[in-house]
Amino acid sequence: MSGAALTGWGAALPDKVVTNDDLAAYLDTSDQWIRERTGIRERHIGGTTTELAVDAARAALARAGLQPADIDLVVLSTTTPDQMVPGNSAEISARLGTAGGAMDVNAACAGFVYALVAAHGLLGRGIEKALVIGSDTLSRITDWDDRSTAVLFGDAAGAVVMEHTGGADQLLGWDLGVDGTARRFLYCDHGSTLYMEGREVFRRAVRAVVSSCEKTLQRAGVDGSQVALCVPHQANIRIIEAANERLGIPMDRTAIALDRTGNTSSASVPLALAEAADEGRVADGDLVLLCGFGAGMTWSSAVLRWGK
Ligand code: ACO
């Protein structure tokens, strides 16, 4: 038997915390509106996509008991690379000292699971150990004077190590999707800031997450009631509650970080996963459902069996 397993995890947040009250001090908004409509209380702002990625990756490598030179593939999910060329993963690889190749993936806030599935597809086919990172600094493409977006985003990174093993494959099912005709609802052109039609994105997000997770669960041969931990993209608590209700997954089996981080795009799933794992909320053999959605519109989901 030959498969793949997730063996390490880690996260990184910049030190600077911006509370809802900090935003309400200069924007026409309030802590109450932001908490009730989104679930967000505060977010971390600062750092670069590279710095945050390197910190999260080091934590994931330490957890896996590996050295950077053991890694033969880095896949970075980001929508805010520090530069256009070269790919951001090149500098991250150099700073860490990883071996093998490195590439960037951009599928917006659904990107981390895209990156995970891409890395998984290469494990056992020339790649033995992959570092999968989600890192974003959305604060750099946010219009801080636009209350409809400024209250939503934060900066962070999360990372996992996936290894080829001699055991069963622990990625039991996945689904990736995109509707490129929906660009107009959420986009950022070169040199500009994020534009979003929040209500429409909300509606489409719930639909996309539910249908993607249903496909993934079916492919894995399990249902929502068997999921021990759901790790959704952390954009809005109301989106998570609406999707979970349809999927039959209770909120007490769901990882939530958005109250302290806001929407951190590619980082949100690995960050919430790392927090939940560090808190001991998953045990070997547990089923973990990851899912995301974002600009594109893109969506993604995956079911993992925790442990080797
Ligand atoms: N403070 C106070 N009032 C506000 C604010 C604010 N920060 N922002 C908007 N409002 C007002 C609006 O102007 C509107 O006023 P009106 O009724 O007088 O017109 C009212 O609040 C309601 O606005 P809605 O947009 O209908 O509010 P909604 O309940 O939909 O919440 C939100 C808005 C939070 C943006 C929600 O729609 C949402 O979370 N959408 C999804 C966003 C998302 O998930 N994006 C993910 C992808 S991100 C990526 O890929 C990079």
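As shown above, the structure is provided for reference.
Residues numbered from 1 in each chain as written. Predicted model: local features only at pLDDT ≥ 70, side-chain atom pairs only at ≥ 80, totals over all residues. Heavy atoms only, no water.

## Quick look at the overall build of the protein
(1) Moving on: When its secondary structure is counted, the protein shows ten helices and 13 strands.
(2) Moving on: Taken against the 2.2 N^0.38 rule, which gives 19 Å for 308 residues, the C-alpha radius of gyration of the protein at 18 Å falls within 12% of a compact globule.
(3) Moving on: Taken along the three principal axes of its C-alpha coordinates, the protein extends 60 × 40 × 40 Å.
(4) Moving on: Every one of the 308 residues in the protein was classed for burial, and the buried ones make up 57%.
(5) Moving on: Here the contacts in the protein between residues at least 6 apart in sequence split such that 77% fall between residues at least 24 apart.
(6) Moving on: If you sum the accessible surface of the protein, you get close to 12200 Å²; carbon and sulfur atoms cover 49% of it. (Helix = DSSP H or I, 4+ residues; strand = E, 2+ residues; numbered from the N terminus. Rg over C-alpha atoms; globule rule 2.2 N^0.38 Å. Buried < 20%, exposed > 50% of the residue type's maximum accessible area, 1.4 Å probe, protein only. Contact = heavy atoms within 4.5 Å. Areas by Shrake-Rupley, 256 points an atom, 1.4 Å probe, with all protein chains shown as cover.)

## Topic: the environment of Ala283
(1) Moving on: Tracing the backbone shows Ala283 in the loop between α10 (268-278) and β12 (287-294).
(2) Moving on: The spatial distance from the C-alpha of Ala283 to the C-alpha of Ser93 is 31 Å, given a sequence separation of 190 residues.

## Side note on helix α3 (residues 49-64)
(1) Moving on: Over its 16 residues, α3 extends 22 Å from the first C-alpha to the last, a length consistent with the 22 Å expected when each residue adds 1.5 Å.
(2) Moving on: Thr49, Thr50, Leu52, Ala53, Val54, Ala56, Ala57, Ala60, Leu61 and Ala64 are the residues of α3 that are buried.
(3) Moving on: Buried positions along α3 lie against β1 (3-12), β4 (73-77), α4 (88-96), β6 (129-137) and β7 (155-165).
(4) Moving on: Positive phi shows up at Gly65, right after α3, with a value of about 70°. (Expected span 1.5 Å × (residues − 1).)

## Things to note about the pairing of β7
(1) Moving on: For β7, a buried count of ten out of eleven residues is recorded, marking the element as mostly surrounded by other parts of the structure.
(2) Moving on: For β1 and β7, the ladder comprises nine bridges, and the chain directions are antiparallel. In the sheet register, Gly8 faces β7, and the bridge partner there is Val161.
(3) Moving on: Of the strand pairs in this sheet, β6 and β7 are connected by nine bridges, and their pairing is antiparallel. (Pairing = 2+ DSSP bridges.)

## Considering the nonpolar core
Note that soluble globular proteins tend to have their nonpolar side chains buried in a common cluster.
(1) Moving on: Ranked by size, the top nonpolar core spans 45 residues in total, and within it Leu289 and Phe293 carry the most contacts.
(2) Moving on: Secondary-structure elements contributing two or more residues to this core are α7 (198-220), β11 (227-232), α8 (237-247), β12 and β13 (298-305).
(3) Moving on: With nine residues, the single largest contributor to this core is α7.
(4) Moving on: Both domain 1 (4-164) and domain 2 (171-305) contribute no fewer than three residues apiece to this core.
(5) Moving on: In contact with Leu289, other than residues within four places in its own chain, are Cys213, Thr216, Leu217, Val227, Leu229, Cys230, Val231, Ile249, Ala302 and Val303.
(6) Moving on: In this structure, Val75, Ala110, Ala130 and Ala276 belong to the second largest nonpolar core, which totals 41 residues. (Core = buried A, V, L, I, M, F, W, Y, C linked by side-chain atoms within 4.5 Å. Domains from an automatic or database assignment.)

## Structural notes on the sheet that holds β1
(1) Moving on: Read across the open sheet, the five strands follow the order β1-β7-β6-β4-β5; overall the sheet is mixed. Each edge of the open sheet carries a strand with a single partner, namely β1 and β5 (101-105). Neighbour-to-neighbour, the strand axes of the sheet open up by a mean angle of 20°, direction not taken into account.
(2) Moving on: Inspection of the sheet shows β4 paired to β5 by five bridges, in the parallel sense. In the strand pairing of β5, Val74 is matched with Ala102.
(3) Moving on: α4 rests against β4, β5 and β6 of the sheet, and its axis sits at about 140° to β5. (Axes fitted to C-alpha atoms, helices over the stretch in contact; angles between N-to-C directions.)

## Looking at the site of the ligand
(1) Moving on: In the vicinity of the ligand, 26 residues are found, and the nearest of them are Thr29, Arg37, Cys109, Arg199 and Asn236.
(2) Moving on: In this structure, Arg37 approaches the ligand through a side-chain N or O atom, which is 2.7 Å from an oxygen atom.
(3) Moving on: Here a nitrogen atom of the ligand and a backbone polar atom of Arg147 are 3.0 Å apart.
(4) Moving on: For the shell around the ligand, the secondary structure elements donating two or more residues are α2 (31-38), α6 (147-150), α7, α8 and β12.
(5) Moving on: Residue contributions to the shell around the ligand peak at four residues, all from α7.
(6) Moving on: Its residues assigned to classes, the shell around the ligand shows 14 nonpolar, seven polar and five charged.
(7) Moving on: Counting contributing residues per domain, the shell around the ligand is built from domain 1 (4-164) and domain 2 (171-305), each supplying no fewer than three. (Near = heavy atom within 4 Å. Polar contact = N/O pair within 3.5 Å; in protein donor to acceptor, adjacent residues only side chain to side chain. Nonpolar A, V, L, I, M, F, W, Y, C, P; charged D, E, K, R; others polar.)

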